[in-house]
Amino acid sequence: MDRMKAPAASYQRKRQKGMNSQSLSCSYEVKFNKLVIFIMQRKMGMTRRTFLMELARRKGFRVESELSESVTHIVAENNSYPEVLDWLRGQSVGDISRFELLDISWFTACMEAGRPVDAETKYRLMEKDRAPPLNTPESEVPLFNASKVSQYSCQRKTTLNNYNKKFTDALEIMAENYEFKENEIFCLEFLRTASVLKFLPFPVTRMKDIQGLPCMGDRVRDVIEEVIEEGESSRAEEVLNDERYKSFKQFTSVFGVGVKTSEKWYRMGLRTVEEVKADKTLKLSKMQKAGFLYYEDLVSCVSKAEADAVSLIVKNTVCTFLPDALVTITGGFRRGKKIGHDIDFLITNPGPGEDDELLHKVVDLWKKQDLLLYCDIIESTFVKEQLPSRKVDAMDNFQKCFAILKLYQPKVDKSSYNTSEKIDMAEVKDWKAIRVDLVITPFEQYAYALLGWTGSRQFGRDLRRYATHERKMILDNHALYDRRKRIFLKAGSEEEIFAHLGLDYVEPWERNA
Ligand code: DCT
Ligand code: MG
């Protein structure tokens, strides 16, 4: 703070001067108040600079002629990052880290769009080869290079070690609220930022720490800034206390209930799970009925020990019918998570021939063994040679089963009960309802299914986005299609898929994006 005091008077003078020179030009209505642009004259020349300033003002941007206190974005042309820094240091404007330093290409993109565009990495002037960042003493130069962080999470290795949980929690609450409002664009924007912060190998303590990182637009910066300053985000708090959000959060925690059903119930005036349960006029699907019946068990998370126990049951049952079948646990547990909301399994048969009846045989046996509380089998809708789906969150076409299994828990020690309490031991529930997804894949699609079902969801989305935008390929849980060569790329392992995409291999536990 003290550092800021000295230049304040000169800011004031310069600002007044700036306003005078601005008032000489025609006055235009300012449409975008959030950013104040300053264009560097160095290597650009006065004529071009005046022309560009006038153009931006005409389009509703606020442009200052002088480097005043209110400037947020500095635009330079044909100047390298060190050159801009040198020039700025000569301007005695105090803390220069508060400026966004941008190449003229950002300015041009704004003019073309007729509105401010995100200051993405490609537009930013940044340190190369780990040159010290703005105002950082030599001893504090971090070994982390923000400009090298990819916007795609499939090019980042993200373990479960999250140094920025208080930021990512706030951002994910905001994202979830947008999901409930079916605003997919804002939802993904917040999820992408959270994902970048999960990757950082250090906790963010100042805005400078996120400088140069991708996916740090104005909306998300506001949340981050507040968490840095206040320790929490008032906007995320507001969401947590919002009546609609609270109801949707409860409704969607029921198996079989999505945003659409929540919307319907909310419009009917229902607010809590208890109210929905009590309303006997509602028509519930079979899935939702099971969701309410086993609600308490299903909202309590599945532990790794429970996942291992269920895994044994699944493997034993599958192998009764197909001894050579490969049964793999996927989803969060494959990424090393210690808890989950369900357990996801992939089943494939490496031998010749497929058994379309396998899934039916498995659930029939569980029914006989009184292990099956619910099941919904979806038959395969895969069509040979079909092009991969371009939809980012599309469901795949594998035959699958959404089930609820009865997992018996260690026997209760009857002697620990006082006989005078007269507890009927037959009524003591000695099992827990567990959500299980079983997915059957043809062997030649197994690697793609494994990659897709291992997640995380964000990692999968970015893989597909990367394939589309950087490789002109289409990826889904079944296949990878090269649009330029017009061929399907075969893969027998996840490593081969990464190689087809020209990506470094990322281990499952590094996919917690
Ligand atoms: N997936 C998919 N297609 C679907 C559903 C899921 O490709 N129709 C992918 C995305 C992530 C992965 O499968 C597992 O999905 P979830 O079980 O929803 O996620 P998770 O990471 O296992 O998280 P959780 O611990 O909550 O189960
Ligand atoms: Mg899961």
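Residues numbered from 1 in each chain as written. Chains lettered and ligands numbered in written order. Predicted model: local features only at pLDDT ≥ 70, side-chain atom pairs only at ≥ 80, totals over all residues. Heavy atoms only, no water.

### Some remarks on the coordination of the magnesium ion (ligand 2)
This is how the line gets drawn: Because water is not among the atoms used, a metal site may look incomplete, as its donors are only the N, O and S atoms within 2.8 Å, or 3.2 Å for Na, K and Ca. A 1.4 Å probe rolled over the protein chains alone gives each residue an accessible area, and that area as a share of the maximum for its type sets the label: buried under 20%, exposed over 50%, partly exposed in between.
Only D342 (OD) and D344 (OD) from the protein coordinate the magnesium ion (ligand 2), and they sit 2.1 to 2.2 Å from it. We note that D342, like D344, is buried.

### Details of the sheet that holds strand β14 (residues 487–488)
For the record, the criterion: One bridge is not enough; two strands pair if DSSP finds at least two bridges between them. Going along the chain from the N terminus, every DSSP run of H or I of four or more residues is numbered as a helix, and every run of E of two or more is numbered as a strand.
Taken in spatial order, the 3 strands line up as β12-β13-β14 in an open sheet, and their pairing is antiparallel. Two strands close off the open sheet at either side, each with one partner strand: β12 (473–475) and β14. Here β12 pairs with strand β13 (residues 480–482) via 3 bridges, running antiparallel. What sits directly across from L475, in β13, is L480.

### Remarks on the confidence of the model for the protein
Our working definition: Scored from 0 to 100, pLDDT records how confident the predictor is in each individual residue. Contacts are assigned to residue pairs with any non-hydrogen atoms lying within 4.5 Å of each other.
Counting all residues, the mean pLDDT for the protein is 89, and 89% of those residues have values of 70 or more. Predicted confidence is poor over residues 1–25, with pLDDT under 50, and the contacts of this stretch with residues over four places away or in other chains come to 29 contacts. A low-confidence stretch, residues 129–133 stays under pLDDT 50, and its non-local contacts, those more than four residues away or across chains, total 10 contacts.

### Describing the nonpolar core
A general tendency of soluble globular proteins is for nonpolar side chains to be buried together. To be explicit about the condition: Each nonpolar core is a collection of buried residues, namely Ala, Val, Leu, Ile, Met, Phe, Trp, Tyr and Cys, held together in the definition by side-chain atoms within 4.5 Å.
Among the nonpolar cores identified, the biggest contains 33 residues, and L171, F190, L197, I210, L213 and M216 are the most heavily contacted of them. Of all the secondary structure elements, the ones that give two or more residues to this core are α5 (165–180), α6 (184–199), α7 (218–230), α8 (234–240), α9 (243–252) and α10 (259–267). Broken down by element, the residue count for this core peaks at 8 residues, all from α5. Those residues in contact with I210, other than ones at most four positions away along the chain, are L197, V204, M216, R221 and I224. Listed in part, the 28 residues of the second largest apolar core include V302, L359, V362 and I440.

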